[in-house]
Every structure is written in C-alpha cells, then in structure tokens.
Amino acid sequence: MLENLTKHLLIAMPSLQNHNFSRTVALVCEHNNHGAMGIVINQPTSISVEELIDQIDVDDDSKKISNRNPVFAGGPVHINRGFILHDSDREWESTHIIDNDLKLTTSEDILLDICQGTGPKNSIVALGYAGWAAGQLEQELADNAWLTVSYEAKIVFTTPIEKRWQTAGGKLGIDLHLISSDAG
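Before going into details, it helps to say that this report is about the structure given with it. (Residues numbered from 1 in each chain as written. Predicted model: local features only at pLDDT ≥ 70, side-chain atom pairs only at ≥ 80, totals over all residues. Heavy atoms only, no water.)

Observations concerning the packing of aromatic side chains
Reasoning step 1: Here the structure, examined in full by the defined rule, presents 4 aromatic pairs.
Reasoning step 2: Ring centres of Trp132 and Trp146 lie 6.1 Å apart, and the angle between their planes is 80 degrees; on these two criteria the pair is classed as edge-to-face. Here Trp132, found in strand S9 (residues 123-133), pairs with Trp146, found in strand S10 (residues 146-150); they are 14 residues apart in sequence, far enough to count as distant. For the pair Trp132 and Trp146, a shared accessibility class is recorded, and that class is buried. (Phe/Tyr/Trp six-rings, centres within 6.5 Å; stacked < 30°, edge-to-face > 60°. Helix = DSSP H or I, 4+ residues; strand = E, 2+ residues; numbered from the N terminus. Buried < 20%, exposed > 50% of the residue type's maximum accessible area, 1.4 Å probe, protein only.)

Okay, here's the thing in structure tokens:
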C-alpha cells in the first residue's frame, strides 16, 4: 500500500472524465488495507442545509436559524445518507475522528445542532460518499487520475466552492487549467 492518505485531498486530474468525479476535490476520511472512503467537497446540490433539515422528521420545536449553505454531492455511494465533515472538538452520537481538528459525523443530532446554531463552527453537509475497494485508489493514483495534497481547512471550509479544485492544485504549484486532459 502507498502512504496512508487519510486527511489528504484528492484532486481529480483534468483527464478524469467520470461524471461523479470530473474536476472534483475529495477529502479522504479513511484509508487502510480494506480501501478508502472520502467526501467530495466541491459539488454542491440544489438543496440547502436548511431545506434538508426541514425534510427530516424531527420532534423539536427549538428555535431554528437560517442555513442557506448547500448540501454537497459527497460521492456516488449511499447517496441518501448524510455525512457531515466538521472541525469541532465536540463529538455527536456517530462521530468518527479523522484527526484532532477534523471529524465526520453521520447522526441526526449534529444537524439539529447546526439548525439551532450550536453545531460546529465549520461544516460541510454531504449526501453520499466516495468509496474505493482495497487497492483501487492506489491503482487510480498510479493511472494518474488523481493528485494528492495534505489537508488544509481553508480549502475545505472557506474557499469559494467554485475555486476549491484550482486552489487545491495550486498547493502543488500547478494551474490545473493548463494541464491537458489528453493522456499520451
């Protein structure tokens, strides 16, 4: 196995034309001998976090705040399941610790806190995730489908969505728009 890519960003090469991953940036949440799992951080859907929360049947009359942030298409696996990347020290019912400053939560309780303004400072709500079987990500890297860079919170949480792909590539000193999409 190559180096452990947990907490790294995968940057789709221009030649990667798969409709799920073209010009995407995915944060690798887990990478081990069994495969890899990540969340695409730059493919917003047309639904907002507020609209998603309104669709959840919750018996909670607490005050809600407006959250017009988009829900992201996190990847093609389990697209009806929610995944929340966040930076809080706090843990919720189903929180997976990626590192001290980065977590992934899959339980509804974090959504309730987000809608009440008591959730994490920075978060990305996604439906679905990207998954790779054992050895698949390594093969895609060998095939030059992805570039990798270390995690940077600014890219994930505050860089404008439409600039995340180019900004992540810029960490390598590369202008992705100047790379040919033709292999040869």
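Details of the nonpolar core
Reasoning step 1: Ranked by internal contacts, the top residues of the largest apolar core, which has 42 residues, are Leu9, Ile39, Ile41, Leu85 and Trp146.
Reasoning step 2: Ile56, Ile84, Trp92 and Ile114 belong to the second largest nonpolar core, which has 13 residues in total. (Core = buried A, V, L, I, M, F, W, Y, C linked by side-chain atoms within 4.5 Å.)

Points about the pattern of salt bridges
Reasoning step 1: Under the counting rule described, the total for this entry stands at 5 salt bridges.
Reasoning step 2: Residue Glu152 pairs with Lys171 through a salt bridge whose shortest N-O separation is 3.4 Å. Taken together, the residues span a long stretch of sequence, with Glu152 in the loop between S10 and helix H4 (153-158) and Lys171 in the segment after helix H5 (164-170) at a distance of 19 residues.
Reasoning step 3: Accessibility expressed as a relative area gives 29% for Glu152, which makes it partly exposed.
Reasoning step 4: Salt bridges linked by common partners bring Lys7, Asp99 and Asp101 together as one network. (Salt bridge = Lys/Arg side-chain N within 4 Å of Asp/Glu carboxyl O.)

Side note on the pairing of strand S7 (residues 95-99)
Reasoning step 1: Inspection of the sheet shows S7 paired to strand S8 (residues 102-105) by 4 bridges, in the antiparallel sense. Its bridge partner lying in S8, Ile97 is registered against Lys103.
Reasoning step 2: The hairpin turn running from S7 into S8, its antiparallel successor, is 2 residues long. (Pairing = 2+ DSSP bridges.)

Some remarks on the environment of Gly35
Reasoning step 1: In this fold, Gly35 is placed in strand S3 (residues 35-40).
Reasoning step 2: Separated by 44 residues in the primary sequence, Gly35 and Ile79 have C-alpha atoms spaced 19 Å apart.
Reasoning step 3: Aside from chain neighbours lying at most four places away, what touches Gly35 is Glu30, Trp132, Ala133 and Ala134. (Contact = heavy atoms within 4.5 Å.)

Taken by themselves, the reported measurements are silent on function.
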